[in-house]
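Structural characterization, general
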Amino acid sequence: MPDLTGMRFAETHEWVKQDGETATVGISEYAQSQLGDVIYLELPAVGQQLDAGARLGVIESVKAASDLYSPVGGEVTEANAELKDHPEYVNQDPYGKGWIIKLRAVKDNPKLLDQKAYDAFVEGQSHS
Amino acid sequence: MTAARTPLYEEHVRLGAQMTNFGGWVMPLQYSTIREEHHAVREAVGLFDLSHMGELRIGDETLVQRVLSRDVTRLRPGRIQYAVLCNDAGGIIDDVLVYAMPDRGYLLVVNAGNQDGDFDWIRKHAQAADAARNVGREWALIGVQGPRAVDLVQRLTPSDLASVKYYAFVDGTVADVSCVISRTGYTGEDGFELFCGNADAVRLWRALLEEGRSDGIRPAGLGARDTLRLEAGMRLYGNDMDAQTNPLEAGLDWTLNLEKDFIGRDAIMTSRQRGLARQLVGFKMLDRSIPRHGYRIVSDGEGVGTVTSGNVSFTLGYNIGMAYVPPAMSEPGTRLGVDIRGAAAPAEVVPLPFYKRPHPK
């Protein structure tokens with residue numbers, strides 16, 4: 001089981017984990033299971049400024065193309081280059097080597113959910 | 001309207017399938033991952049529930065001749081042809097497989113979502129009210145597809161499958177279940193489609209999964225069915241063609257017997273004389289972006305066509321699609337732009353099919 005301590009989630013199914021100056025962003029286990037086989041990601045350039053809730057890129061699975069949103073504001077310092085040849089990492093390890101971007105100078109987003117609240121949100125969604 | 005369930009519904013749920021609605025039916029989309037199921041079919045064998053497909057029985061040969069594009073009088077009993085059903089304007093109502101039954105009647109295997117419409121259309125042109133019978137909800141259909149498929153089915157049947165050629169069928173038993181054994185498929189691989197009564201479907205399904213274990217069998221869902229058929233250049237009704245498309249535009253000239261009379265023939269001949277406005281082509285992406293149904297084909301910033309199907313090709317390792325383009329842009333090697341989120345992604349027209357199995361029998 002991956003360590004989800006300190007991880008927070010957006011209702012658009014991205015996660016963010018802050019470690020000092022840097023925040024790492026990915027998509028949740030629920031999101032990857034709904035998307036199915038991820039085959040391509042369109043990611044932002046290093047240096048790009050993102051607001052909380054802004055579109056950060058696109059994730060494509062066999063089924064469909066979906067937008068990705070940044071759960072917090074900040075400046076992009078890195079996009080996961082491994083995903084270019086291994087987009088399936090997002091399916092295999094969404095909280096680990098399937099991370100998507102890193103941000104710095106992070107502006108927090110009070111609307112994010114902790115894991116418990118996110119799990120309850122997902123539960124509510126899958127029964128609606 | 002709630003989606004219909006096939007007799008194998010409980011099996012899919014037990015196997016942990018993710019289910020989806022398709023053509024009025026609730027069907028397995030995937031059991032594991034689409035990628036794994038796709039490769040299993042290309043490299044070993046996959047098992048498909050195709051019970052959502054419609055089956056129409058028609059005894060009246062004149063009626064079949066009138067509604068189908070092929071000359072079915074040339075079809076010997078036990079043989080199968082791919083054909084289209086057209087409206088008066090030459091638009092495609094459905095694409096079907098027509099089976100010449102031993103009793104001289106015909107069986108039409110039609111798309112799930114079209115079965116009621118096809119049935120109504122055919123009855124409208126029939127002399128007798130009982131000329132056509134919709135047996136789709138009495139029959140299950142199981143696909144066994146892949147390089148290991150023939151060997152697997154042969155171990156479960158006394159019929160000599162070597163004598164059942166591509167696009168031929170026999171009555172027989174598989175795992176002691178009475179079925180029609182049809183050497184057809186929608187994956188680009190060798191294999192069979194097995195028609196049996198609903199009550200026997202679970203028994204046949206389980207027997208194939210059990211016996212196929214040593215072959216590396218995997219149940220495969222509609223997700224893999226779509227990526228497989230796309231590689232094989234097979235059109236999907238509703239995506240690549242519809243009632244506004246004629247068979248010439250869809251590249252289905254070879255399904256037309258224009259010397260016989262059938263509904264839509266005159267309109268198709270007129271369209272051929274006038275020249276086509278668009279043609280279906282295959283293309284490969286020259287970058288890593290994914291083309292999708294409905295995306296525009298662009299040339300110098302102008303929209304000149306539409307993508308009808310597109311996805312990753314797991315077998316070939318690049319992304320592929322089909323699109324309608326002006327005939328002047330239909331030659332292999334022609335560069336196209338695919339409008340993907342506002343940017344023209346580079347693509348090139350290539351011949352169909354994208355994939356051909358290595359050792360066809």
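Residues numbered from 1 in each chain as written. Chains lettered and ligands numbered in written order. Predicted model: local features only at pLDDT ≥ 70, side-chain atom pairs only at ≥ 80, totals over all residues. Heavy atoms only, no water.

1. Describing the overall build of chain A
In terms of regular secondary structure, chain A is built from 4 helices and 10 strands. Secondary structure elements of chain A occur, N-terminal to C-terminal, as β-β-β-α-β-β-β-β-β-α-α-β-β-α. Relative to its length of 128 residues, chain A is compact, with a C-alpha radius of gyration of 13 Å against a globular reference of 14 Å. Summarising its shape, the C-alpha atoms of chain A cover approximately 40 × 35 × 25 Å along the three principal directions. Of all 128 residues assigned to chain A, the portion counted as buried reaches 47%. In chain A, 60% of the contacts between residues at least 6 apart in sequence involve partners at least 24 apart. (Helix = DSSP H or I, 4+ residues; strand = E, 2+ residues; numbered from the N terminus. Rg over C-alpha atoms; globule rule 2.2 N^0.38 Å. Buried < 20%, exposed > 50% of the residue type's maximum accessible area, 1.4 Å probe, protein only. Contact = heavy atoms within 4.5 Å.)

2. Structural notes on the layout of surface pockets
By volume, the second largest pocket amounts to about 530 Å³. A:I39, A:Y40, A:K84, A:P87 and B:R288 are the residues nearest the centre of the second largest pocket, which is lined by 24 residues in total. The set of elements that each furnish at least two residues to the lining of the second largest pocket consists of β4 (38-42) and α2 (82-85) of chain A together with α2 (34-43), β17 (302-313) and β18 (318-325) of chain B. Per-element accounting of the lining of the second largest pocket gives the leading share, 4 residues, to β4(A). Residues belonging to the lining of the second largest pocket are distributed by class as follows: 12 nonpolar, 5 polar and 7 charged. (1 Å grid on protein atoms, 1.4 Å probe; cavity = no way out; pocket = protein on both sides within 12 Å on 5 of 7 lines; lining within 4 Å. Points joined across faces, edges and corners; volume = space filled by probe spheres on them. Nonpolar A, V, L, I, M, F, W, Y, C, P; charged D, E, K, R; others polar.)

3. Section: the sheet that holds strand β3 (residues 25-30) of chain B
All names here are of chain B. Read across the sheet, 3 strands follow the order β1-β3-β2 without closing on themselves; strand pairing throughout is mixed. At either end of the open sheet lies a strand with only one pairing partner, and these are β1 (4-5) and β2 (18-22). Summarising the sheet, β1 and β3 pair through 2 bridges and their orientation is parallel. Following the sheet pairing, R5 is matched in β3 by V26. The sheet contacts of helix α7 (residues 222-231) involve β2 and β3, and relative to β3 the element is tilted by about 70°. (Pairing = 2+ DSSP bridges. Axes fitted to C-alpha atoms, helices over the stretch in contact; angles between N-to-C directions.)

Just geometry here; none of it tells us what the structure is for.
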